Amino acid sequence: MTEQDNELRAGTGSGQGGDPGSPRVRLRDREAELRSVEAAVDKLCREFAAGGTEIGGLLAFSGRPGIGKTSLLHEVRRIARLRDGAAVLFARGSERQYKEPYHVLRQLLQPALTRLEPDEFRQVMGTWEEVVGPAMGLKQPRAGARRLDPQGVRDGLDYVITQLAPRRAPLVMIVDDLHWGDHESLSWLTQFAVRSRELPVLLVFAFREDEHDWPNDTQQHRGHVLALATRKHELNRLSLTSVTDMIRAELGDKAEDAFCYEFWNVVNGNPFEAVALLDQVRDQELEPVEENSQQLRELAVDATGMTLKGWLDRLGAATLRFAWACAMLGTDIRIDLATRISTQSAEGARESIKQLRKQRVLTQTPNGNLEFVHPLIGSSIYNTMPEATRTGMHGVAAAEIENAGLGLLAASRHLVETFSGEGDDRTVRKLRRAAAEHLLIGAPEAAQRCLHRALNEPPADDIRAEVLYELGCSALLTDPLATVNQLKLALDPEEGPLRPDLRVDATFRLSEVLAHSGELRQAALVCQEEAEQTADPGDRMRLQAASFMWHAFRRAEEDGPGRSARLAELCQGLTGREAADRAVLAMRAWDLTLRGAPSAEALAHADDVLDGGRLPKGLGWTDSTWGFELPSMLGLTYTYNDRIAQAERLFADAIIQFEVAGWSGAHRGFAYFLMGLARFRRGMLAEAEDFLRRALRLSERIGPKLPLAWDAVGVLVDTLLARGRVDEAWELATTFGFQPPYHDTAMVLPDAPSLYGKLLVAKRRYAGAAATLTEAGAQLEARGWHNTVWAPWAGHLAIAIAADEPERAREYAQKSVRDARAFGTASAIGTALRLQAQIEDGQQAVELLEESVAHLGQSPAGYEHAVALVDLGAALRRVGRLEDAQEYLYQGIELAQHCSAEGLVDQARRELANYGLRPNRLGDFRETLSQPEWDVAKLAVRGVPPQRIADELGVHLSLVNRRLAAVYRKAGSGPDGLASALGLAGRSREATRPGGEVAEGEE
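Residues numbered from 1 in each chain as written. Predicted model: local features only at pLDDT ≥ 70, side-chain atom pairs only at ≥ 80, totals over all residues. Heavy atoms only, no water.

(A) Summary view of helix H34 (residues 685-702). The end-to-end C-alpha separation of H34 is 26 Å, in line with the 26 Å expected for 18 residues at 1.5 Å each. Of the positions making up H34, those classed as buried are Leu 685, Ala 688, Glu 689, Phe 691, Leu 692, Ala 695, Leu 696, Leu 698 and Ser 699. (Helix = DSSP H or I, 4+ residues; strand = E, 2+ residues; numbered from the N terminus. Expected span 1.5 Å × (residues − 1). Buried < 20%, exposed > 50% of the residue type's maximum accessible area, 1.4 Å probe, protein only.)

(B) Region of interest: the sheet that holds strand S5 (residues 231-234). Taking strand neighbours across the sheet as the criterion, the 5 strands line up as S2-S3-S4-S1-S5 in an open arrangement whose pairing is parallel. Among the strands making up the open sheet, the edge pair consists of strand S2 (87-92) and S5. When the angles between neighbouring strand axes are averaged without regard to direction, this sheet yields 10 degrees. When S2 meets strand S3 (residues 171-176), the two strands line up parallel, connected through 6 bridges. By the bridge assignment, Val 88 is partnered in S3 with Val 172. Running at roughly 170 degrees to S3, helix H3 (residues 69-82) makes contact with strand S1 (57-63), S2, S3 and strand S4 (201-208) of the sheet. On the sheet, helix H8 (residues 183-195) packs against S1, S3 and S4 and is oriented at approximately 135 degrees with respect to S4. (Pairing = 2+ DSSP bridges. Axes fitted to C-alpha atoms, helices over the stretch in contact; angles between N-to-C directions. Contact = heavy atoms within 4.5 Å.)

(C) Region of the structure containing the environment of Glu 75. Positionally, Glu 75 belongs in helix H3. Among the residues examined, Glu 75 registers a relative accessible area of 0% and is labelled buried. For the pair Glu 75 and Val 37, spaced 38 residues apart in the sequence, the C-alpha separation amounts to 9.2 Å. In this structure the side chain of Glu 75 is engaged in a polar contact, spanning 3.0 Å, whose partner is the side chain of Arg 78. (Polar contact = N/O pair within 3.5 Å; in protein donor to acceptor, adjacent residues only side chain to side chain.)

(D) Structural view of the packing of helix H25 (residues 500-516) against helix H26 (residues 520-531). Closest axis-to-axis distance for the H25/H26 pair is 7 Å, and the angle between their directions is 165 degrees. Relative to H26, H25 is oriented roughly antiparallel. The two elements H25 and H26 meet at a crossing, and its hand is left-handed. Between H25 and H26, the residues in contact are Arg 503, Thr 507, Leu 510, Ser 511, Leu 514 and Ala 515 and Leu 520, Gln 522, Ala 523, Val 526, Cys 527 and Glu 530, respectively. (Parallel < 35°, antiparallel > 145°, perpendicular 65-115°, else oblique. Left-handed = near helix turned anticlockwise from the far one by under 90°.)

(E) The arrangement of a negative patch on the surface in detail. Together, Glu 422, Asp 424, Asp 425, Asp 461 and Asp 462 make up a negatively charged patch on the protein surface. For Asp 461, the position within the fold is in helix H23 (residues 461-474). (Patch = residues over 30% accessible without salt bridge, like charges linked within 9 Å, V, L, I, M, F, W, Y side chains within 5 Å. Areas by Shrake-Rupley, 256 points an atom, 1.4 Å probe, with all protein chains shown as cover. Salt bridge = Lys/Arg side-chain N within 4 Å of Asp/Glu carboxyl O. Lys, Arg positive; Asp, Glu negative; His and termini not counted. Charge placed at Lys NZ, Arg CZ, Asp CG, Glu CD.)

(F) Structural detail: the confidence of the model for the protein. In this model, the protein carries a mean pLDDT of 86, and residues with pLDDT of at least 70 account for 91%. Below pLDDT 50 for its whole length, residues 1-25 participates in 66 contacts with residues either more than four positions away or in separate chains. Note on residues 985-1003: pLDDT is under 50 here. Beyond four places in sequence and across chains, it has 34 contacts. (pLDDT = per-residue confidence, 0-100.)

(G) Summary view of the pairing of S3. Buried residues dominate S3, accounting for 6 of its 6 residues. Both faces of S3 are covered, namely the face carrying Leu 171, Met 173 and Val 175 and the face carrying Val 172, Ile 174 and Asp 176. Relative to S4, S3 is paired through 5 bridges, and the arrangement is parallel. Bridge assignment links Val 175 to a residue of S4, and that residue is Phe 205. With respect to chirality, the unit in which S3 leads through H8 into the neighbouring parallel S4 is right-handed. (Right-handed = clockwise from strand over helix to strand, strands pointing away.)

(H) Representation of the packing of aromatic side chains. Per the counting criterion, the structure on display carries 16 aromatic pairs. With a centroid separation of 6.1 Å and 75 degrees between ring planes, the pair formed by Trp 621 and Phe 658 is classed as edge-to-face. Of this pair, Trp 621 sits in the loop between helix H30 (599-609) and helix H31 (629-640) while Phe 658 sits in helix H32 (residues 644-660); the two residues are 37 residues apart in sequence, bridging distant segments of the chain. Residues Trp 621 and Phe 658 agree in their burial class; the two are buried. Each member of the aromatic cluster is reached from another via a ring pair, and the members are Trp 621, Phe 628, Phe 651, Phe 658, Trp 663, Phe 670 and Phe 673. Over the face of the ring belonging to Phe 508 we find Arg 542, whose NZ or CZ atom lies 4.5 Å from the ring centre. The ring centre of Trp 785 lies 3.8 Å from the NZ or CZ of Arg 783, which sits over that ring. (Phe/Tyr/Trp six-rings, centres within 6.5 Å; stacked < 30°, edge-to-face > 60°. Lys NZ or Arg CZ within 6 Å of the ring centre and 35° of its normal.)

In structure tokens, the structure reads:
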């Protein structure tokens, strides 16, 4: 008898698999749940047909084992399939396969993705094919592929489902036994549940309640699911009436009420237990009368708690062994694999299957494979296996799965269940290979299980440290604490020898994790100490360079000038051709930038690192030898040396490379931070805020208040100040600890005390600002760091103390200007002069600001230029030069608007309004047209169609359309009114620029 038969007998199921063609059978005592399902599916289909897209929802069903969740989900599938156009995806968790990465998601998505036509498949996968494809078992990782960040896989899956859902909408995604979902699938499903409402997708999840043997994070995921559920249903036990109906349908109307009542009590209204007990009653030919009621409890023990002896008596040894093999395989059981694992002949397997189907243990699926009638039966059979038998059969299963061509990934979950304690080298090699393959699909937890099992084998003494190294590296992207512990063990001589090259790499990886966890001093010391014991010159240089790098990122340092001198000495004689040489040059460029040395010297070193403007081989963003910190330093050098466009090209490349590599955690977050910093320096404040908030969101998703968060918050505070949102900046800074006492816990950009002092100045808390900035200055001076752009402490300190100590304020302001001139960039000099002007009056302030505007006008620092223009306008107004003041204020407003510096715009308008000047200038839009826009505008006014314009100008049609759109937008007119807007009315086709001059080319 099949699972369908059991469900029909229990009155708790539908036709096979919810087939819409099957006759509907009423689920007993589930009317409320079915109404909820039908309402949710109807709403999804109705609103999708009406053009809705953000119409998704989540239904959650829970209950104790055997309560009928699976039967209810069969009915959900049937209901959904009966709706025109609805697509149904289904998956089931498995107690035996919850350690198999992406097991649930592969069931859910593989069928839908493999049915796509090639072109549609490429569209759905987009740029994520090399990330999602291997994880979903659709392709092998490409040769030389890097390990995937699990968050990158989740992000890729987000993209794929957002592309797939509209193509198959409305979509119903059903997951049964969610409590036995693998970690990787659960992580994505929980995350996706938040976003599912934005799509035409209905999620339906079912899971057990009150289980204590679930995997560690299942309870947490269950809590998230319940919190997100549109509707939640806890399935109750069947009523006495429903159980009585079941009994009489099976045993006849002669069943007495007292017998039915005791039966209901014994099974506690549980449908699965009711069916199992009915089987026992029928097999024992027990009359359903009151005097036999006392035997029901004893029969129930046999029915639901089968022991090894019970199953042996029921099935026999050969059939039970086949059942054990099936129990190990879990779901969708291949007959040929089960046959070989059970060591039976083909004929013996056929007989076993026949017996197991007759005993209602197994059922056959539509694809010809086998499945347990209920997961509880599979668990019962698996748990009866003697320990030695179980270990041996898992070993056989691993071998047979690999021999069947299913690969080490599928075999590894069986390998980790074996144990010999004899140090089998072959097993260790397989486990290490399996771990490497797991990392390539973004499953580090599975890789770690394999490597822990390899250590328990144990490995030979001469490779034990190597396995520890691999174990530490496997957690690099997910578990910093585990990485630190394992790498320290790998480097411990008592654990055995570690090859010199691996020892250097282990040290570098250990320092990376320490640094990203905020332990910058320890990271630097680890590399420094290992470098002293390293013989190979190249390896020694790598460690020395890393030590210099981590020291450079620290907030405080014991011997900054000495370290800088040693780095300069290390640079002498470098050719700049090898990766190690270029790495040292990149660090020297950043060191010179921080020191405020002449900009040309820092840029010369930076340019020597690049190959034709691009990062050289060995120093790429995803390069495993040096990490992303080296190209970050290079980009920061360009950012603070007014070569922002070059920096943005590097940072844009970082974002793309991290996305392609599937590194969507801290790596991509740091790339967003860097791009946000570059946009801030350029003065594109709205874009800067967007990138920085993205970085902050990624950081908080990984963990609380990581160094990445400090970096992002630091520049975000600066950005908010620039946009005039001082209170918001203050709240953000205090929330993230940008106030005393400061800790050496982050790669702080900019320096925390300097930023906090600047914020206090903006809040007009001058006493606190003076103390904070004095402390910041003392620390930076002790390190020999004089860059006034990176940490403009002296200029802001001058403003903070100007009222009480004007002479001391001038000294600090003049020092800032001297340091800026020594550095030599236009933005540094212009900003320092602007800050100095704030403590001066009258004509002296005007002269300082005029020079500031001249310098900043030659820099890419748009916001700083806008501030200087507004300040100059205000200073000119104060000396009575109202016409000049008005012009500079208007220029400042226009540039501030371009920068999204709303606070600065308001400040300039108030300045104009307070002195009777027009706050808003009705500017001539023609001044804003670029020459290419004039070119297309002149031809369009003549009636030349866009295609002919494209031909005449020798550009693509799409570019002509974009330029015309810009012209119409700036003119505030469509084609019909364009001639008039351009000032052509009554003229003979001559486009004139403001002031009456004839536009170029129209004479």
